[in-house]
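Inside the fold
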Amino acid sequence: MAHTHSHDHSHSHHHHDHAPKITHLTRAFVIGIILNTAFVVAEVITGFYTHSLSLLTDAGHNLSDVASLALALLAFKLSGVAKNSQYTYGYKRSTIIVSLLNAIILLAAVVIIAYEAVNRFMHPEPIAGGTIAWVAFAGILVNGITAWLFVKGKEDDLNVKGAYLHMAVDAVVSFGVVVSGLIIYFTHWFWVDSVVSLIIVVVIVGGTWSLLKESLRLSLDGIPKELDLEKVKNAMLKTAGVRDVHHIHIWALSTTENALTAHIVIDPSAVNSFNQIKEELRHELLHLDIQHSTFEPEFSVESCSNVSC
């Protein structure tokens, strides 16, 4: 049976325009990395000086965010590398691997944070609440600005969404540290520092869990959550000349590009117009956020010999 492959790399009919977005995101990631690295250094110095676990906890979390931003930037750069004989899709999948790695790094970090918070709660130490509040206030500004840099692309890419969520959560966390610093300053309830650290842990887990699930799904070649198999199939069946569609596989090539393979059943009389059918199918799939498609034609008078059909 003949195999017909159709891959369209032009996105002129689709809302994703990768080149401008990558340029914009590169600038956003670089600015975010610089701002957060400077803030991490300030938090570590102040945290050791004031013996504040919440500041050191937040510094550790922000350091993991710096690593996440750097990894995401590296993944975007790799995704633009041309394909070769060994990697026929290039390095697009690196964006998925990085999103999974970032989620794992964050969840591993919260285990350490929780342990230290409980230990410090049992043995509280004097803390300079006012200094903590001022540093954390600076964190609100740094994280807020960084989150704003990723607002534009957060719905188009999993890594960008992850970066946005991390920074937005960090801004909220920094606000919590400001509150705890003020409470400690006025009441000398030093145990509040540990309680805030545990609250930070809960916030981090809540903000990371969905990222972990989606990146794990894509790593296992699951259908991206924004796509519905039945909706895709119904759209294909509406194409003139298509009698049936089966043996459909949909997976993510990267955090911004999806692929599909399917068996297309057509009438024998439509064999001469199969190229047109392919073009119409490709057009419909582009609107459904599937950029790469491969079709295997079958005639309606024969049955599929593939046991997976």
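Residues numbered from 1 in each chain as written. Predicted model: local features only at pLDDT ≥ 70, side-chain atom pairs only at ≥ 80, totals over all residues. Heavy atoms only, no water.

In terms of regular secondary structure, the protein is built from eight helices and four strands. Along its sequence from the N terminus, the protein presents helices and strands in the succession β-α-α-α-α-α-α-α-β-β-α-β. The 309 residues of the protein split such that 49% are buried. Residue pairs in contact within the protein that sit at least 24 positions apart in sequence constitute 75% of those at least 6 positions apart. Here the protein has roughly 15200 Å² of accessible surface; of this, 66% comes from carbon and sulfur atoms. (Helix = DSSP H or I, 4+ residues; strand = E, 2+ residues; numbered from the N terminus. Buried < 20%, exposed > 50% of the residue type's maximum accessible area, 1.4 Å probe, protein only. Contact = heavy atoms within 4.5 Å. Areas by Shrake-Rupley, 256 points an atom, 1.4 Å probe, with all protein chains shown as cover.)

This part takes up the packing of helix 3 (residues 94-122) against helix 6 (residues 192-219). To describe two helices that pack against each other, one gives the angle between their axes and the distance between the axes. Contact pair helix 3 / helix 6: the axes reach a minimum separation of 8 Å and the direction vectors enclose 160°. In terms of orientation, helix 3 lies roughly antiparallel with respect to helix 6. With respect to the hand of their crossing, helix 3 and helix 6 are arranged in left-handed fashion. Taken together, the residues that form the contact of helix 3 with helix 6 break down as 22 nonpolar, six polar and two charged. (Axes fitted to C-alpha atoms, helices over the stretch in contact; angles between N-to-C directions. Parallel < 35°, antiparallel > 145°, perpendicular 65-115°, else oblique. Left-handed = near helix turned anticlockwise from the far one by under 90°. Nonpolar A, V, L, I, M, F, W, Y, C, P; charged D, E, K, R; others polar.)

Here the structure, examined in full by the defined rule, presents five salt bridges. Note that Lys92 is salt-bridged to Glu257, the shortest N-O span being 3.0 Å. Remark: Glu257 occurs in the loop between strand 2 (242-252) and strand 3 (258-266) and Lys92 occurs in the loop between helix 2 (53-79) and helix 3; sequence separation between them is 165 residues. The burial state of Lys92 is the same as that of Glu257; both residues are buried. Arg93 is paired through a salt bridge with Asp221; the nearest N and O atoms lie 2.7 Å apart. Of this pair, Arg93 sits in the loop between helix 2 and helix 3 while Asp221 sits in the loop between helix 6 and helix 7 (229-237); the two residues are 128 residues apart in sequence, bridging distant segments of the chain. (Salt bridge = Lys/Arg side-chain N within 4 Å of Asp/Glu carboxyl O.)

Let's shift gears to the pairing of strand 4 (residues 292-299). Summarising burial for strand 4: seven of the eight residues are buried, a large majority. With eight bridges joining them, strand 3 and strand 4 adopt parallel strand pairing. Across the sheet, the residue bridging to Ile264 is Pro297, located in strand 4. Tracing the backbone out of strand 3, into helix 8 (residues 274-287) and back to the parallel element strand 4 gives a crossover that is right-handed. (Pairing = 2+ DSSP bridges. Right-handed = clockwise from strand over helix to strand, strands pointing away.)

Taking relative accessible area as the criterion, Glu257 reaches 8% and is therefore assigned buried. For Glu257, the side chain forms a polar contact with the side chain of His292, separated by 2.8 Å. (Polar contact = N/O pair within 3.5 Å; in protein donor to acceptor, adjacent residues only side chain to side chain.)

Moving on to the nonpolar core. Counting 21 residues, the largest nonpolar core has Leu55, Ile132, Val173, Val177, Val196, Ile200 and Ile204 as the members making the most contacts within it. Excluding residues that lie within four positions of it along the chain, Ile200 makes contacts with Val173 and Val177. Within the second largest apolar cluster, 20 residues are counted, among which are Val232, Ala235, Met236 and Leu285. (Core = buried A, V, L, I, M, F, W, Y, C linked by side-chain atoms within 4.5 Å.)

Looking now at the confidence of the model for the protein. Per-residue pLDDT for the protein averages 80, and the proportion of residues at 70 or more is 87%. Low confidence marks residues 1-20, where pLDDT is under 50. Its contacts with residues over four positions away, or in another chain, come to 49 contacts. (pLDDT = per-residue confidence, 0-100.)

The subject of this paragraph is helix 7. Listed as buried for helix 7 are Val232, Ala235 and Met236. All buried residues of helix 7 project into a common sector of 100° when viewed along the axis, lining one side. Residues of helix 7 that are buried in the fold lie against strand 2, strand 3, helix 8 and strand 4. The distance from a side-chain oxygen at the start of helix 7 to the backbone nitrogen of Glu230 is 3.1 Å, and the residue carrying that oxygen is Asp228. (Arc of directions from axis to C-beta.)

Summed over all chains, the structure comprises five aromatic pairs. Both rings, one in Tyr87 and one in Tyr91, keep their centres 4.9 Å apart while their planes meet at 35°; by these two values the pair is tilted. Exposure remark for Tyr87: the relative accessible area of 44% places this residue in the partly exposed category. Take Tyr91: its relative accessible area is 28%, and that puts it in the partly exposed class. (Phe/Tyr/Trp six-rings, centres within 6.5 Å; stacked < 30°, edge-to-face > 60°.)

In terms of burial, strand 2 is a largely internal element, eight of the eleven residues being buried. Here strand 2 pairs with strand 3 via eight bridges, running antiparallel. Residue pairing for strand 3: His246 is matched across the bridge by His263. Taking the residues between adjacent antiparallel strands as the criterion, strand 2 and strand 3 are bridged by five residues.

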